[in-house]
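# Observations on the model geometry
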Amino acid sequence: MNKSFSRQPLAGLALTAALTPLLITPQLAHADVLSVYGGVESWRAEPTGSFGATQQEAASFDFSDETATNFYVGFEHPIPLIPNLKLRQDSIDIAGQTLLTSNFTLNGTPFTSGQNVDSTVELKQTDVILYWELLDLDLFSFDIGINAKHIDTDLTADNNMGTTASDSFDGWVPMAYASAEVSLPGLPFSLWTEGSYIGYSGDKFYDARAAIKYTLIDSLPMDLSLSLGYRAFVIDVDDLDDVFADIDFSGYYAGIELRF
């Protein structure tokens, strides 16, 4: 059964975030030239968490570590007020198992305490990020904006005795977005962080990264950088259309970025 997000207050938050640049126009920085960039990241996630019909009917699963690959592209320009654009897409499939210590229900299908239950979580997400450069200095930069994140999640459970259940939820989640980078003077290294967050009425989503970046090539036509960092992505919904999920996808990642 496919379910979608329907949080009207989130739309209001997205509108507020979209109007923020109008309140801080005098502080907006902008790129001197057009810039296009893109990259790829390999993420070794160590997921933990639980899901079910409700928190009381949920089960915690021992998920196995998985490696996921994500891609992103971005576009920056020198026009004030008009936001820059970044698109990111990634997916990850994880599997887990648990010996139930209490009854577990998924999409109306009950599982009994004492059963061994296998589970899978298939997550696909797309980020559409609109951001403004508040500071763009040689040693420090800071961006702020909004992230329209589309999440598509499929949940399944199987007790290997003929009982299988599945559920899913998908939809757009408007999130506040920020990123910052601090360069080390005289060295090709920098410290970089990026994050998106939304929380409302017991539900929360966040997706954050922190990394050390090494600039391998720094020239007029092209920049090439490598990064090594840590990413944490959390879905925590108490009752989203009869689905409870509290899953933490966290782990180290490595990436490469090319900018023109």
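Below: a short report on this structure. Sequence order as written defines the numbering, with residues in each chain counted from 1. Confidence filtering applies because this is a predicted model: local features only for residues at pLDDT of at least 70, side-chain atom pairs given and counted only at 80 or more, and all residues used for totals across whole chains, interfaces and linings. Note that the side-chain values use all heavy atoms of the structure and ignore hydrogens as well as water.

### Structural notes on the overall build of the protein
Regarding its fold elements, the protein presents 1 helix and 14 strands. Buried positions account for 43% of the 260 residues belonging to the protein. Working definition of accessibility: Shrake-Rupley area with a 1.4 Å probe, residue cover restricted to the visible protein chains. Within the structure as shown, the protein displays about 12,800 Å² of accessible surface, and the carbon and sulfur contribution to it stands at 60%. Runs of H or I in DSSP of at least four residues are treated as helices and runs of E of at least two as strands, each being numbered from the N terminus. Relative accessible area decides the class of each residue, using a 1.4 Å probe on protein chains only: under 20% of the type maximum gives buried, over 50% gives exposed, and in between gives partly exposed.

### Points about a nonpolar patch on the surface
Together, Val40, Phe71, Val182, Leu184, Leu187, Phe189, Leu191, Ile212, Tyr214, Leu216, Leu226 and Ile256 make up an exposed nonpolar region whose accessible area comes to about 990 Å². Every element with two or more residues in the nonpolar patch is listed here: strand E11 (189-200) and strand E12 (203-218). In terms of residue count, the dominant contributor to the nonpolar patch is E12 (3 residues). Mapped onto the elements, isoleucine 256 comes out in strand E14 (residues 244-259). Patch membership needs two things, relative accessible area over 30% and no salt bridge, and members are linked within 9 Å if like-charged or within 5 Å if nonpolar (Val, Leu, Ile, Met, Phe, Trp, Tyr). Just to be clear on terms, a salt bridge is a Lys or Arg side-chain nitrogen sitting within 4 Å of an Asp or Glu carboxyl oxygen.

### Quick word on the environment of tyrosine 177
Mapped onto the elements of the fold, tyrosine 177 is located in strand E10 (residues 164-183). Residue classification places tyrosine 177 among the buried positions, given a relative accessible area of 5%. The sequence separation of tyrosine 177 and isoleucine 144 amounts to 33 residues, and the corresponding C-alpha distance is 5.7 Å. Discounting chain neighbours no more than four positions away, the residues touching tyrosine 177 are Ile129, Tyr131, Asp143, Ile144, Gly145, Ile146, Asn147, Glu194, Gly195 and Ser196. For tyrosine 177, the side chain forms a polar contact with the side chain of glutamate 194, separated by 2.7 Å. Any two residues having at least one pair of non-hydrogen atoms within 4.5 Å are treated as being in contact. Any pair of N or O atoms that falls within 3.5 Å is considered a polar contact. Within protein, one atom must be able to donate a hydrogen and the other to accept it, and sequence-neighbouring residues count only if both atoms are side-chain atoms.

### Topic: the packing of aromatic side chains
Classification of ring pairs uses Phe, Tyr and Trp, with its six-membered ring standing for Trp, and accepts pairs whose centres are within 6.5 Å; under 30 degrees between planes counts as stacked, over 60 as edge-to-face, and the remaining range as tilted. Under the criterion given, the structure shown has 10 aromatic pairs. Centre to centre, the rings of phenylalanine 51 and phenylalanine 104 are 6.1 Å apart; their planes meet at 70 degrees, and the pair counts as edge-to-face. In this pair, phenylalanine 51 sits in strand E2 (residues 48-52) while phenylalanine 104 sits in strand E6 (residues 104-106), placing the two residues 53 residues apart along the sequence. Since its relative accessible area comes to 0%, phenylalanine 51 is described here as buried. Ring geometry for phenylalanine 61 against phenylalanine 104: centres 5.9 Å apart, planes inclined by 75 degrees, an arrangement best described as edge-to-face. You can see phenylalanine 61 sitting in strand E3 (residues 58-63) and its partner phenylalanine 104 sitting in strand E6, a full 43 residues away along the chain. Like phenylalanine 61, the residue phenylalanine 104 is buried in the burial classification. Only when the NZ of Lys or the CZ of Arg is both within 6 Å of the ring centre and within 35 degrees of the ring normal is a charge said to sit over the ring. Looking at arginine 259, its charged tip hangs above the ring of tyrosine 37, at a distance of 4.2 Å from the centre.

Structural measurements only, silent on function.
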